[in-house]
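Listed below are the residues making up each chain.
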Amino acid sequence: MAERIIVDFDDEKDSGKAEKAREENRIVIDFDEEIIKADSEGTEKRVEEIIPDKKINSGFRGNLHINNSYYTELKFPEGIENGFRLKFGINLKDEFFNAILENNIYIILSSRNGNVYLIDRQTGVLKEKIFLENESFEKTGLVYENNIYLNSLKKIFLFDEGSELKFKEIYNSTPDYFIWSNLNRHKETLIFTEFSPVNHSAILKAIDLKNQEIIFEHRFDVKDFVSDVICIAEGTAFILYDSFILIYDADKNFSEEHSLEIKTDENSFIFYLNYRVYITTHLNELYYLDLPPVNYKFRFSGIKNNYINSIGGFADNIFIGALDGWKYYKSSGLPVYSFDDEYENKIEAISKNVIVVSQKNKIVFCNLNRFQEAEGYVISSKGNEEESVEIISSVISGNEIFILTKNGTLEVFTNDKLNIHL
């Protein structure tokens, strides 16, 4: 229920001037609806569609393209002093390294200590806590049509969406290898990497979700690093390692490696946006590859920062978190807006109207239609104000924003204020 109703009666004589003033203070981000639709494969979740019988997909950094984008109609409530409110909060008193997942009923969290939490997404009530002995969840699984796939260091578990919650182990890693990456997916093919510190080698693996059998493997030697993220674009998986990019065509069940002329490292980002695959270099430069590729030579976008701690976007809009605030660019390299701050800002989640930015234990909701408008909230440990708090994940879903801290505080903010203009 809305907490406040504001009715504005504009003076007819002044309404034109007022509207002009509002427009002068407004920066509008143009976007292509067709591009947004193309980018939202398996992830579009409008407010009215989040119902018990809706099939929901969820994954690391928002979608298969890992560009931190969430395709919702959430709007920033302009003209209201406090447009968001805390819907509920819960302190799980556990340790988390991975991201929030969701399906039609639950918010799904998995901890370093082997606990899986299923929390009612509407009420915040903890419905299930499942302990898996000798398991540790440090990477993010995924949700496909409400079914939950979680990967521990050695195993992958399926939590069935049926009326009675059931889970089973569907995969156990190769001896001496650990599941290294967050899970990703193309259609009904689960894609991930394993890594062996002993053998200095890695394996790209693909599992058919229908019969839960391995359908593809690609082994490769690793000298320096293999990325823990896999980007899916145009039916192809892209993985960075050493000075190479490994690609796997999931439709043709074919893989190959290409040498990079630019230097990447374990901190490099890779994501897909607007028919381009982007990667960041060890010098915090942003390069791109047009798809479909003529060759695998990446080009410089013109975007460079002293430090990039997070990145993503939608259509041709790119947002970067930095040590001194956050930046907004067009894909052409044109800088559009820069928010300067004395604190490090991290881009947690992006929608076409709102971006969610963290400053360690503070979460900030920024209006992308009027940049001077933002709301910030401090996330604290319930019952222990002295405990250090660090935000590690945020998800935008419908009219709600879910926030998770490393030490197990989950808070959910909602935009349900109502403006009526007559």
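This text goes with the structure placed above it.
Note that the structure is a prediction, hence the values are computed from the model and not measured.

K.L.:
Honestly, the overall build of the chain in this entry has me stumped. Any pointers?
P.N.:
If you tally the helices and strands in the chain, you get 2 helices and 35 strands. Across the 422 residues that make up the chain, the buried fraction comes to 57%. Counting every atom, the chain has about 19,000 Å² of accessible surface; 47% of that belongs to carbon and sulfur.

K.L.:
Quick question: what am I supposed to make of the nonpolar core here?
P.N.:
Nonpolar side chains in soluble globular proteins tend to end up buried together. Of all hydrophobic cores here, the largest spans 34 residues; its most connected members are Phe238, Ile270, Val277, Ile279, Phe298, Ile311 and Ile318. Elements with a minimum of two residues in this core: strand S16 (231-233), strand S17 (236-241), strand S18 (244-249), strand S20 (270-273), strand S21 (276-280), strand S22 (285-290) and strand S25 (317-322). Beyond its immediate stretch of four places on either side in the chain, Ile311 contacts Asn67, Asn68, Phe269, Phe271, Thr280, Leu286, Ile318, Phe319 and Ile320. In terms of nonpolar packing, the next biggest core, distinct from the first, is built from 32 residues, Leu74, Tyr377, Ile396 and Val412 among them.

K.L.:
Help me understand the sheet that holds strand S31 (residues 374-378) in this model?
P.N.:
In a beta sheet, neighbouring strands pair by backbone hydrogen bonds and run either parallel or antiparallel. The strand order across the open sheet built from 4 strands is S28-S29-S30-S31, with neighbouring strands paired in antiparallel fashion. The sheet is open, and its two borders are formed by strand S28 (346-350) and S31, each paired with just one other strand. Put simply, the sheet's adjacent strands are angled 20° from each other on average, direction ignored. As paired elements, S28 and strand S29 (residues 354-359) share 4 bridges and run antiparallel to each other. Looking across to S29, one finds that Ile350 is bridged to Ile355.

K.L.:
Would you mind showing me how to read the sheet that holds strand S3 (residues 101-102) here?
P.N.:
With antiparallel pairing, the 4 strands of this open sheet are ordered in space as S3-S4-S5-S6. If you trace the sheet from one side to the other, it starts and ends with S3 and strand S6 (126-131), each paired once. Of the pairings in the sheet, the one linking S3 to strand S4 (residues 106-110) comprises 2 bridges and is antiparallel in character. Within S4, the position partnered with Glu102 by the bridge is Ile107.

K.L.:
Teacher, can you tell me more about the side chain of Asp341 here?
P.N.:
Looking at where Asp341 falls in the secondary structure, it is placed in the loop between strand S27 (335-340) and S28. There is no salt bridge for the buried Asp341, and the closest opposite charge comes from Lys362, which lies 7.0 Å off by N-O distance. A distance of 2.9 Å separates the side chain of Asp341 from the side chain of Gln359, its partner in a polar contact. Sequence-distant contacts of Asp341, that is, excluding residues within four places in its chain, are made with Leu323, Asp324, Gly325 and Gln359.

K.L.:
When you look at the pairing of strand S26 (residues 325-330) in this model, what are you seeing that I'm missing?
P.N.:
On any regular strand, side chains alternate: one points to one face of the sheet, the next to the other face. Of all 6 residues making up S26, 6 are buried, and the element is well covered by its neighbours. Two strands pair when backbone bridges link them, and S25 and S26 are joined in this way by 6 bridges, in the antiparallel orientation. Across the sheet, the residue bridging to Ile318 is Tyr329, located in S26. Taking the residues between adjacent antiparallel strands as the criterion, S25 and S26 are bridged by 2 residues. Here S26 pairs with S27 via 5 bridges, running antiparallel. Paired with Gly325 across the bridge in S27 is Asp340. Between S26 and S27, which pair antiparallel in sequence order, lie 4 residues; one of them, Gly333, sits at a positive phi of approximately 100°.

K.L.:
Can you walk me through the pattern of salt bridges in this structure?
P.N.:
Where charged atoms of side chains with opposite charge meet at close range, the side chains can pair. A complete count under the given rule lists 17 salt bridges for this structure. A salt bridge links Asp228 to Lys139, with the nearest nitrogen and oxygen atoms 2.7 Å apart. Here the residue Asp228 occupies a position in the loop between strand S15 (213-221) and S16, and Lys139 occupies one in the loop between S6 and strand S7 (142-144), the gap between them amounting to 89 residues. Between Lys155 and Glu169 there is a salt bridge, with the nearest N and O atoms lying 3.4 Å from each other. Taken as a pair, Lys155 in strand S9 (residues 155-160) and Glu169 in strand S10 (residues 166-172) lie far apart in primary sequence, 14 residues in all. Note on Glu169: relative accessible area 40%, which makes it partly exposed. Shared partners join several salt bridges into a network, and the residues in it are Glu78, Arg370 and Glu373.

What counts as what
Residues numbered from 1 in each chain as written. Predicted model: local features only at pLDDT ≥ 70, side-chain atom pairs only at ≥ 80, totals over all residues. Heavy atoms only, no water. Helix = DSSP H or I, 4+ residues; strand = E, 2+ residues; numbered from the N terminus. Buried < 20%, exposed > 50% of the residue type's maximum accessible area, 1.4 Å probe, protein only. Areas by Shrake-Rupley, 256 points an atom, 1.4 Å probe, with all protein chains shown as cover. Core = buried A, V, L, I, M, F, W, Y, C linked by side-chain atoms within 4.5 Å. Contact = heavy atoms within 4.5 Å. Pairing = 2+ DSSP bridges. Axes fitted to C-alpha atoms, helices over the stretch in contact; angles between N-to-C directions. Lys, Arg positive; Asp, Glu negative; His and termini not counted. Salt bridge = Lys/Arg side-chain N within 4 Å of Asp/Glu carboxyl O. Polar contact = N/O pair within 3.5 Å; in protein donor to acceptor, adjacent residues only side chain to side chain.

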